[in-house]
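Chain and residue survey
The chain contents come next:
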Amino acid sequence: MFQVDIIEQCKQNNRKAQLQLYNQYCDGMYIVAKRFLKDAADAEDVVQEAFIKAFTKLHQYKAEVTFGAWLKRIVVNKCIDFLKAKKHHLVELDAGSLKVVDAYDDDKWLVEDTMTLNDVKLAINALPDKYQYVVMLYLIEGYDHQEISEILDISEVASRTQLSRGKVKLQKLLTRNKNGTRH
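Every value quoted in this text rests on a predicted model; they were computed, and no experiment measured them.

What counts and how
Residues numbered from 1 in each chain as written. Predicted model: local features only at pLDDT ≥ 70, side-chain atom pairs only at ≥ 80, totals over all residues. Heavy atoms only, no water. Helix = DSSP H or I, 4+ residues; strand = E, 2+ residues; numbered from the N terminus. Buried < 20%, exposed > 50% of the residue type's maximum accessible area, 1.4 Å probe, protein only. Contact = heavy atoms within 4.5 Å. Axes fitted to C-alpha atoms, helices over the stretch in contact; angles between N-to-C directions. Parallel < 35°, antiparallel > 145°, perpendicular 65-115°, else oblique. Nonpolar A, V, L, I, M, F, W, Y, C, P; charged D, E, K, R; others polar. Salt bridge = Lys/Arg side-chain N within 4 Å of Asp/Glu carboxyl O.

Here we come to the overall build of the protein chain. Broken down by element type, the protein chain carries 8 helices and 0 strands. Moving toward the C terminus, one meets the helices and strands of the protein chain in the order α-α-α-α-α-α-α-α. Across the 183 residues of the protein chain, 39% fall into the buried class. Across the protein chain, contacts joining residues at least 24 apart in sequence account for 66% of those joining residues at least 6 apart.

The following block contains the structure:
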C-alpha cells in the first residue's frame, strides 16, 4: 500500500491503516523524543501523545513535506511542551545582549577523528538546556533558524546566538574530553 493511500485511509479512521502508519514511524519518533527527554517512559508517553495529535489533525496534513517530517515536528513540539510543563524553562535571552553571528562559522562542526559519536552525544547532553535544545534541533534534527525560532518561541537572532555559544561550549567540552582533563 502506498504512503498516500495509508494516509487517506487514516483520515477515514481506518484502524488497520493507523496501526500500519504507527508501526512504520514509532521507533524513529521514539529516538527523536528520547534525545530530548532522556527518560524512556517520558519519551514513550510523548510519542503516544504525538500520534494521537497527528491522527486527530491528519486532515491538516497537506503533503507539502513528507509525513515523517510533519510527524517529527509534532514530536519535537510535544517534547518541548513536556519540558516546559516540567518546569525546565528555556532561558530567555535579553535581545540587547545578543550579537550577530558570522554565518560562515555555522558550517564548521568538525571534531577530532578520535571522537566517537557517543562522546559528541554526551557533550551535547552536558550543555546548558538553552544551548542544548538549539544545538540538537540544528545539528541532529536538521532544522534551520527560522524553524527553531518557531519551535522554541525565540527570535532567529536568539537561535543563532544560542547555537554559536553552544558550539563554543561543545568544542570546549570535546577538547577537555580528548585531553583527559574532564572528571
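The discussion continues.
Moving on to the packing of helix H4 (residues 67-85) against helix H7 (residues 145-152). The geometry of H4 relative to H7 is characterised by a closest axis approach of 10 Å and an angle of 45° between their N-to-C directions. Our classification of the angle between H4 and H7 gives oblique. Contact with H4, carried on its side by Arg73, Val76, Asn77, Ile80 and Lys84, involves Glu147, Glu150, Ile151 and Leu152 of H7 and no other residues of that element. Per-class residue counts for the contact of H4 with H7 are 4 nonpolar, 1 polar and 4 charged.

This brings us to unusual backbone geometry. Backbone geometry places Asn13, a non-glycine residue, at a positive phi of 65°. On the secondary structure map, Asn13 appears in the loop between helix H1 (3-11) and helix H2 (15-37). Non-glycine residue Asp153 carries a positive phi angle of around 60°. You can see Asp153 is positioned in the loop between H7 and helix H8 (156-179).

Scanning the model with the defined rule gives 5 salt bridges in all. A salt bridge links Glu141 to Arg35, with the shortest nitrogen-to-oxygen separation between them at 2.7 Å. In this pair, Glu141 sits in the loop between helix H6 (129-140) and H7 while Arg35 sits in helix H2, placing the two residues 106 residues apart along the sequence. Note on Glu141: relative accessible area 8%, which makes it buried. Exposure remark for Arg35: the relative accessible area of 26% places this residue in the partly exposed category. The salt bridge involving Glu141 is made with Lys72; its shortest N-O contact spans 2.9 Å. On the criterion of sequence distance, the pair formed by Glu141 in the loop between H6 and H7 and Lys72 in helix H4 is long-range, its members being 69 residues apart. Considered together, Glu141 and Lys72 belong to a single accessibility category, that of buried residues. Overlapping salt bridges, with partners in common, bring together Arg35, Lys72 and Glu141 in one network.

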